[in-house]
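# Notes for the structure review
Each chain, written out:
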Amino acid sequence: MKVAFWSNVRGKSCVTSNLACISVLSALSCPKERTILFENHQNILNLGSTFFSPNSKNAVREAKGYTVETGMGKLLQIVGKGTILSSEGFYSLVSDYLGKRLFYIPSEGARHSDFPEYQMNKECIRTMRYLEQYGNLVLVDTAAAPLISSRKILQQADMVVVNLNQNRQMLDHFFRNYSSIRKKAFYLIGNYEGDSELTKGAIINEYRIPGSRIGTIPHSTRFSDAISQGMIIPFLLKNYKCKRGEENYLFMSAAKEATELFHRQLARMEGGKTADEREAESICDAPVGSSY
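Residues numbered from 1 in each chain as written. Predicted model: local features only at pLDDT ≥ 70, side-chain atom pairs only at ≥ 80, totals over all residues. Heavy atoms only, no water.

### Describing the packing of helix H1 (residues 15-29) against helix H12 (residues 232-239)
Between H1 and H12, whose axes approach to 10 Å, the crossing angle comes to 50 degrees. As far as their axial angle goes, H12 and H1 are oblique. In the crossing of H1 with H12, the sense of the turn from one axis to the other is right-handed. Where H1 abuts H12, its residues Ala-20, Cys-21, Val-24, Leu-25 and Leu-28 lie against Ile-232, Ile-233, Leu-236 and Leu-237. (Axes fitted to C-alpha atoms, helices over the stretch in contact; angles between N-to-C directions. Helix = DSSP H or I, 4+ residues; strand = E, 2+ residues; numbered from the N terminus. Parallel < 35°, antiparallel > 145°, perpendicular 65-115°, else oblique. Left-handed = near helix turned anticlockwise from the far one by under 90°. Contact = heavy atoms within 4.5 Å.)

Take a look at the structure:
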């Protein structure tokens with residue numbers, strides 16, 4: 001399944017931190033599944049910066065014994081050439097976490113400011129399908145900027161996680177202008193404030209969103225610190241089983257609920273496809289290697 005995380009406004013809806021949170025909690029709650037992450041743009045705050053710091057490396061990131069070129073630039077070249085990677089070849093291109101359950105394809109190190117947009121625009125659809133060979137979920141941090149690759153990714157995605165915030169103008173803008181995305185949307189309110197007038201319930205009622213298709217990632221200073229320090233995985237691991245009354249219980253309870261709702265909606269989207277649609281979306285250059 002291919003899922004785009006996206007917002008109609010730039011820098012306001014916590015797309016990257018929400019995706020990082022959901023992806024880690026998905027890996028923890030579904031230990032037999034593999035999740036692959038990438039972004040179609042470059043930013044100082046990216047998925048890699050939330051996962052990695054010198055303090056967290058030994059605890060959550062697999063050691064690498066490879067010296068080959070890595071990252072999205074190399075992967076786009078491989079997809080463009082129609083090359084099929086073995087499992088080990090794929091692992092050499094990515095950063096992996098949580099015992100090879102979570103894979104991140106970095107886009108850092110670009111030599112040109114328009115990278116990876118030129119190649120991404122050309123190969124993004126094939127790349128998303130290609131990556132489905134190696135994981136159960138392909139999650140894309142999709143730029144709100146008017147990039148051609150963003151439009152293609154949103155069209156190709158099986159589901160779009162629309163990242164909202166508690167701002168009426170921004171909510172009105174989305175619900176007035178993006179009816180095509182709403183058909184396959186799951187909604188996520190990042191940095192959620194329960195005492196806002198625009199609560200989850202108010203948004204559900206005003207914009208007629210089914211309650212099963214919207215979750216929240218509450219405001220949390222500790223979570224924000226973990227994001228900025230590259231410690232999100234240790235933070236979520238430490239607090240995953242925290243109990244009622246503990247400092248991070250309310251945050252974790254809501255985030256875990258959002259992850260569960262996210263997976264239920266994925267299952268509904270998958271179940272709603274025809275056999276021909278599922279077959280068409282699974283077409284790629286070669287099957288998964290038997291060693292994976």
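After that view, the rundown keeps rolling.
### Structural notes on the nonpolar core
With 44 residues, the main nonpolar core has Phe-38, Phe-90, Val-162 and Tyr-187 as its most contacted residues. Excluding residues within four positions of it along the chain, Phe-38 makes contact with Leu-47, Met-72, Ile-105, Met-120, Met-128, Leu-131, Val-138, Leu-139, Val-140 and Asp-141. Phe-5, Leu-102, Ile-233 and Phe-235 belong to the second largest nonpolar core, which has 43 residues in total. (Core = buried A, V, L, I, M, F, W, Y, C linked by side-chain atoms within 4.5 Å. Buried < 20%, exposed > 50% of the residue type's maximum accessible area, 1.4 Å probe, protein only.)

### Here's the deal with the environment of Glu-257
Looking at the element boundaries, Glu-257 is found in helix H13 (residues 249-271). Residue Glu-257 is classed as partly exposed on the basis of its relative accessible area, which comes to 41%. Separated by 40 residues in the primary sequence, Glu-257 and Ile-217 place their C-alpha atoms 9.3 Å from one another.

### Here's the deal with the side chain of Asp-141
Here Asp-141 shows up in strand E5 (residues 137-141). No salt bridge forms around the buried Asp-141; measuring N to O, its nearest opposite-charge neighbour Arg-10 is 10 Å away. (Lys, Arg positive; Asp, Glu negative; His and termini not counted. Salt bridge = Lys/Arg side-chain N within 4 Å of Asp/Glu carboxyl O.)

### Observations regarding the environment of Lys-183
With respect to the helices, strands and loops of the structure, Lys-183 is situated in the loop between helix H9 (179-182) and strand E7 (185-192). Judged by its relative accessible area of 69%, Lys-183 falls in the exposed class. C-alpha of Lys-183 to C-alpha of Val-160: the two residues are 23 residues apart in sequence and 9.2 Å apart in space.

### Quick word on helix H6 (residues 117-131)
Between its first and last C-alpha, H6 extends only 18 Å over 15 residues, short of the 21 Å set by a 1.5 Å rise per residue. The sharpest bend along H6 comes to roughly 65 degrees, located at Glu-123. All buried positions along H6 are accounted for by Glu-117, Met-120, Asn-121, Glu-123, Cys-124, Thr-127, Met-128, Tyr-130 and Leu-131. On its buried face, H6 is in contact with strand E1 (2-6), strand E2 (35-39), helix H4 (72-81), helix H5 (87-93), E5 and helix H7 (148-156). (Expected span 1.5 Å × (residues − 1). Bend = angle between axes of the 7 residues up to and from the residue.)

### Observations concerning the pairing of E5
Burial analysis of E5 places 5 of its 5 residues in the buried class, which makes it a mostly covered element. Side-chain alternation along E5 places Leu-137, Leu-139 and Asp-141 on one buried face and Val-138 and Val-140 on a second face that is also buried. As paired elements, E1 and E5 share 4 bridges and run parallel to each other. Counterpart to Ala-4 in the pairing with E5 is Val-140. Bridging between E2 and E5 involves 5 bridges; their strand directions are parallel. Residue pairing in the sheet places Leu-37 in a bridge with Leu-139 of E5. (Pairing = 2+ DSSP bridges.)

### Digging into the environment of Ser-7
The topology assignment puts Ser-7 in the loop between E1 and H1. Between the C-alpha atom of Ser-7 and that of Val-160, which follows or precedes it by 153 residues, the distance is 9.6 Å. In contact with Ser-7, not counting residues within four places along its chain, are Ser-13, Val-15, Ala-144 and Asn-163. Here the side chain of Ser-7 touches Ser-13 through a polar contact of 3.0 Å, side chain to side chain. Polar side-chain contacts of Ser-7 include one of 3.3 Å to the backbone oxygen of Asn-163. (Polar contact = N/O pair within 3.5 Å; in protein donor to acceptor, adjacent residues only side chain to side chain.)

### Remarks on empty space enclosed by the protein
What the rule picks out here adds up to 1 cavity of 30 Å³ or more. Taken as a whole, the largest cavity holds about 40 Å³ of empty space. As for the largest cavity, its lining consists of Ser-7, Asn-8, Val-9, Ser-13, Asn-163, Leu-164, Asn-165, Met-170 and Leu-171. Of all the secondary structure elements, the ones that give two or more residues to the lining of the largest cavity are strand E6 (159-164) and helix H8 (168-177). (1 Å grid on protein atoms, 1.4 Å probe; cavity = no way out; pocket = protein on both sides within 12 Å on 5 of 7 lines; lining within 4 Å. Points joined across faces, edges and corners; volume = space filled by probe spheres on them.)

### Overview of the pattern of salt bridges
Under the definition given, this model contains 7 salt bridges. The partner of Glu-206 in a salt bridge is Arg-168, with the nearest N and O atoms 2.5 Å apart. Pair noted here: Glu-206 is in helix H10 (residues 200-207) and Arg-168 is in helix H8, with a separation of 38 residues, a long-range link. Taking the relative accessible area as the measure of exposure, Arg-168 reaches 38% and is therefore partly exposed. Each of Lys-2, Glu-132 and Asp-158 takes part in a single network of salt bridges with overlapping partners.

Treat this as a map of the structure, not an account of what it does.
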